[in-house]
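Remarks on the overall topology
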Amino acid sequence: MMYNTLMHLNLEMLTQCPPETLQAQPVVEIIVALGSNYQAEKYLPLALECLATLGQIRLSTAFQNPDFTATLEQPKPDYTNQCVHLILAIPMSLQQLQQTFKNLEGDCNRCRQTDSNQVRRVTMDIDILLVKLAEEKNSLSNKSTFKPTSNWIVMADRYPFKAHEAAGIEELAVTDV
């Protein structure tokens, strides 16, 4: 059974940090937003399977949302979005996690299109929303052990969260495990 560390999460009261200030910090828990507007039924399960190899995961409901950049002149496919709470089996630096997620996007055949007139097909997008850093404690035997800090940190480049991200975080925070 996994303890719900998100209970009583008040987003407005959390510290916000730019990701670049946390690059080398060891992360023990993370909340990510997954998004796909192309073959989501194939790529979401693949991404979730890969994330589960990193530790224990809990999922929010998958939401289907219109692309907020769509217009009548340029319609775009809907996105399927889902939030994931991941407790890492082994702490990783934020930089390592970002690279792992970029590689996972590539494994899902993500192509970053540069033509602004072309409708983007996003097989998988992974955005880091919140992290919980590790607190290093040295034991008498000089071994390093990691204990989670008590506070979540909001990635400042992602806040304020989009409606589906806030809904996913809220769902994860109130779900008893």
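Structure: above.
Bear in mind that the values here come from a model prediction, so they are computed numbers and not experimental data.

1. Considerations on the side chain of Thr80
- Along the chain, the position of Thr80 falls in strand β5 (residues 79-93).
- A relative accessible area of 19% places Thr80 in the buried class.
- Those residues in contact with Thr80 that sit more than four places away from it in its chain are Leu34, Gly35, Ser36, Ala40, Leu44, Ala62, Phe63 and Gln64.

2. Some points on the nonpolar core
- Within the largest apolar cluster, 29 residues are counted, with the highest numbers of intra-cluster contacts made by Ile30, Val32, Leu34, Leu51, Phe101 and Val131.
- When residues of this core are traced back to their parent elements, those giving at least two are β2 (26-36), α1 (40-52), β5, α2 (94-107), β6 (125-138) and β7 (144-155).
- Examining the composition of this core, we find that six residues originate from one element, α1, more than from any other.
- Contact partners of Val32, with chain neighbours within four places excluded, come to Leu51, Gln82, Cys83, Val84, Phe101, Ile126, Asp127, Ile128 and Leu129.
- Of all hydrophobic cores here, the second largest spans 12 residues; its members include Ile31, Trp152, Ile169 and Leu172.

3. What to know about α2
- The terminal C-alpha atoms of α2, which comprises 14 residues, lie 20 Å apart, in line with the 20 Å expected from a rise of 1.5 Å per residue.
- Inspection of α2 places Leu94, Leu97, Phe101, Leu104 and Glu105 among the buried residues, and these make up the whole buried set. When α2 is viewed along its axis, its buried side chains cluster within an angular range of 100 degrees and face the same direction. Turned more than 90 degrees away from the buried face of α2, the exposed residues are Gln95 and Asp107.

4. Some words on the environment of Gln23
- Secondary-structure assignment places Gln23 in the loop between β1 (15-17) and β2.
- In contact with Gln23, other than residues within four places in its own chain, are Ser93, Leu94, Gln95 and Gln98.

5. Structural notes on the pairing of β2
- Of all 11 residues making up β2, 10 are buried, and the element is well covered by its neighbours.
- Strand direction decides the pairing type here: β2 and β5, joined by 10 bridges, are antiparallel. Each residue of the ladder has a partner; that of Pro26, found in β5, is Ser93.

6. Quick notes on the layout of surface pockets
- As a volume, the second largest pocket reaches approximately 250 Å³.
- Of all elements in the fold, only α2 and β6 reach the threshold of two or more residues within the lining of the second largest pocket.
- The element contributing the most residues to the lining of the second largest pocket is α2, with five residues.
- Broken down by class, the residue content of the lining of the second largest pocket amounts to six nonpolar, one polar and seven charged.

Basis of the calculations
Residues numbered from 1 in each chain as written. Predicted model: local features only at pLDDT ≥ 70, side-chain atom pairs only at ≥ 80, totals over all residues. Heavy atoms only, no water. Helix = DSSP H or I, 4+ residues; strand = E, 2+ residues; numbered from the N terminus. Buried < 20%, exposed > 50% of the residue type's maximum accessible area, 1.4 Å probe, protein only. Contact = heavy atoms within 4.5 Å. Core = buried A, V, L, I, M, F, W, Y, C linked by side-chain atoms within 4.5 Å. Expected span 1.5 Å × (residues − 1). Arc of directions from axis to C-beta. Pairing = 2+ DSSP bridges. 1 Å grid on protein atoms, 1.4 Å probe; cavity = no way out; pocket = protein on both sides within 12 Å on 5 of 7 lines; lining within 4 Å. Points joined across faces, edges and corners; volume = space filled by probe spheres on them. Nonpolar A, V, L, I, M, F, W, Y, C, P; charged D, E, K, R; others polar.

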